[in-house]
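Fold and geometry: a report
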Amino acid sequence: MKKKKYSKAILLLISLMVTTGALAACSSNSNEKQNNTPTQTNANNNNSSNNGSNSNNSNDAAIGDADPFGKYETPLTIHFTRDVDNDTQDNIIPKTPGETIEDNRWLKAFSEKLGINVVYDWTVSTGDAYTQKMNVTLTSGDLPDMLRVSPAQLKQLAEADLIEDLTPYWEQYASDDLKELYAEQGTAVLNSGTVNGKIMGIGKADVYGDGVYLWIRKDWLDKLSIPEPTSLQDVLKISEAFTTQDPDGNNVNDTYGLALTKDLYGGAMGLEGFFAGYHAYPNMWIDDGAGNLVWGSTLPEVKEGLKALSEMYASGQLDKEFGVKDGGKVAESIAAGKIGIDYGAQWNPMYPLISNYQNDPDANWVGYALVSVDGKPALSPQKFQSDGGYWVVRKGYSNPEALIKMFNLHVELNWGESGDFDYYYMPEANGSVGVWKYSPVQPASAFKNIRAFQEIEEARKNNSFDSLTGEALAIYRNITAFENGDTSQWGWPKIYGAEGVYRHGVNYMNDNLFMYEAFAGSPTETMAERKSTLEALEKETFVKIIMGAVPLDDFDKFVDDWYKVGGSDITKEVNEWYASNK
């Protein structure tokens, strides 16, 4: 058996060398926060009979009734790996005295309520360090019981038969709340973790986000006596006015209309919301209406958006140097009060807009719904985000359903009827930090924030704030803190206040005004080879068109080139995936 496993690991090693640069990763482990010896929680130490994983235990939970919250009579010890982000290391741990990554309220909950003791074989910093360390772990063939991997790694592990098929365990053990959560934004959310029709990994439930919005300096609108926008034509007029009518009142021609970066797309300072006004959806795979997937960037509606942007650039409404500026540099211009329009997610008041307020307390950014050129709704483009990875269970582990049970409990303790949000999610006693990050698994509803806004809005109407609980109460505390003078909380009322952007998010959700990316599978073979080349081609061409370095008709040449250098093969591959997942 070990020899067979070793052979599969060798095949996986070769694949990883080609596709993820594992050789370079082997010598790059300097960012680990702890050593690589397995560590146990205090809860584990209290169960002296559990000394290692349960590879040879009988699957006592799989026999008889499938209880989503059933506690194991013989406790399990499950080996995990995990990453630790800066917020956890620098903010959460210091504000939760006595708790660590290896010993905290969440690991105790899994132990006490499910009989699951978590052991981390290693922990490292979030980002490249985790990717590199995971590559080393995978190529070693010595896998922990449960691990979080990238989409490409998921596919490789499944094809090497190194991970369990979770399909029967999901069907039998997933709670009703968990199933509902994973169905909120369509079947692609759960299907994204499938290989050959089987659920081989479980990713995040909130992979699409909850909306792209139009952020505008309302104080500039008021100063220039300009009404709020109801069409994209209004936005174009506002951009021109913000550029030419000295909205900051310094008698210098130093302001721009729209924020954008050299990367063109993103959750802040991105162009997705602008293009949506032309019913164009670049940088994502969309259904063409005939049941086929096409790369949105190649469609003619994008050309219309590029035409408008090139005209804005020529008239000085865009920063002449945007083509070399990343998000950090453009954020500096926003902080300095030089830009008045920003397309981005609901969290933009937290970054980058708050920096403008900190420098100018009169800066009043207000969020609006996306607007279009023709009165038809502009759908909010929601790109599939697999950056959270997928949880998988190594082949041969005795209790694969334990992973599903942990997902169930995370949802229940945070948002279920028997839950305790103020202890397991954002406890006021600990400065409302996100202690939910202590949990190794972290499923959450894509619309939980909008629903919290609805609860707060209902309390406003009825003057019943004392009835708020859970997440809505925690958010309301932050709004109240700002009203009482804590300027660091400025972003919360911008999102959840009476004029907060989620008043539009409610409409997005209720009227289904989303354009979800239709492809949610693992990277195809040609994607792995040609994606970076195609991305570079797209950004280089679009930036040149906007800056007037090449004519608008070069868009047509871009489309032809895109298909020639790999796009045609990728389109065929994603449509094969699409056909098999309908």
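Above this text is the structure in question.
Turning to the pattern of salt bridges, a few remarks are in order. On inspection of all chains with the given rule, the structure shows 28 salt bridges. One salt bridge in this structure joins E428 and R477, with 3.1 Å as the shortest N-O distance. Pair noted here: E428 is in the loop between helix 18 (421–424) and helix 19 (448–462) and R477 is in helix 20 (residues 470–483), with a separation of 49 residues, a long-range link. Among the residues examined, E428 registers a relative accessible area of 46% and is labelled partly exposed.

Next up on the list: the packing of aromatic side chains. Inspection of every chain in the model, using the stated rule, returns 34 aromatic pairs. Taken together, a centroid distance of 5.9 Å and an interplanar angle of 25° make the contact between W492 and Y496 stacked. In this pair, W492 and Y496 are both assigned in helix 21 (residues 491–496), four residues apart and thus about one turn of the helix distant. For the pair W492 and Y496, a shared accessibility class is recorded, and that class is buried. Pairing F519 with W577 gives two aromatic rings, centres 5.0 Å apart and planes at 75°, and the pair type is edge-to-face. Separated by 58 residues along the polypeptide, F519 in the loop between strand 15 (514–516) and helix 23 (525–547) and W577 in helix 24 (residues 554–580) bring together distant segments of the chain. As far as burial versus exposure is concerned, F519 and W577 are alike and both buried. Within the aromatic cluster, the residues linked to one another by ring pairs are Y208, Y213, F384, F447, Y508, F514 and Y516. In this structure, R105 is placed above the aromatic ring of Y423, and the distance from its NZ or CZ to the ring centre is 4.5 Å.

A few words now on the nonpolar core. Of all hydrophobic cores here, the largest spans 164 residues; its most connected members are Y182, F274 and Y496. Among all residues touching Y182, those that are not within four sequence positions of it are W170, V189, L190, I202, G203, K204, A205, F407 and P443.

Looking now at the environment of V366. By secondary structure assignment, the location of V366 is in strand 12 (residues 365–368). Using a relative accessible area of 12% as the deciding quantity, one classes V366 as buried.

With that settled, the discussion passes to a nonpolar patch on the surface. Taken together, W347, M350 and Y351 make up a surface patch of nonpolar side chains, about 280 Å² in accessible area. Among the structural elements, M350 can be located in helix 16 (residues 349–359).

Moving on to unusual backbone geometry. A cis amide bond links Y351 with the next residue in sequence, P352, at an omega value of 10°. The topology assignment puts P352 in helix 16. Of note in this structure, N196 is not a glycine but carries a positive phi near 55°. Positionally, N196 belongs in the loop between strand 5 (194–195) and strand 6 (198–199). One non-glycine residue, N512, lies in the positive phi region at around 55°. Inspection of the secondary structure assignment puts N512 in the loop between helix 22 (502–511) and strand 15.

Parameters at a glance
Throughout, residues of each chain are indexed from 1 in the direction in which the sequence is written. Local features in this predicted model are restricted to residues whose pLDDT is 70 or higher, and side-chain atom pairs enter the listing and the counts only when it is 80 or higher, whereas totals over whole chains, interfaces and linings include all residues. The side-chain quantities take in all heavy atoms of the structure and omit both hydrogens and water. Every case where a carboxyl oxygen of Asp or Glu lies within 4 Å of a side-chain nitrogen of Lys or Arg is listed as a salt bridge. Elements are defined by DSSP. Helices are runs of H or I of four residues or more, strands are runs of E of two residues or more, and each kind is numbered from the N terminus. Exposure is judged per residue with a 1.4 Å probe applied to protein chains only, and the accessible area is read against the type maximum: over 50% gives exposed, under 20% gives buried, and values in between give partly exposed. The criterion for an aromatic pair is that two Phe, Tyr or Trp rings (for Trp, the six-membered ring) have centres within 6.5 Å, with stacked assigned to planes under 30 degrees apart, edge-to-face to planes over 60 apart and tilted to the rest. Both a distance and an angle decide whether a charge sits over a ring: NZ of Lys or CZ of Arg must be within 6 Å of the ring centre and within 35 degrees of the ring normal. Each nonpolar core is a collection of buried residues, namely Ala, Val, Leu, Ile, Met, Phe, Trp, Tyr and Cys, held together in the definition by side-chain atoms within 4.5 Å. In this description, contact between two residues means that some pair of their heavy atoms is separated by no more than 4.5 Å. Only residues whose relative accessible area exceeds 30% and that take part in no salt bridge are eligible for patches, with like-charged residues grouped when within 9 Å of each other and nonpolar side chains (Val, Leu, Ile, Met, Phe, Trp, Tyr) grouped when within 5 Å. Throughout, the Shrake-Rupley method with a 1.4 Å probe supplies accessible areas, and for residues the shown protein chains are the sole cover considered.

All quantities given are derived from atomic positions and should not be read as evidence of function.
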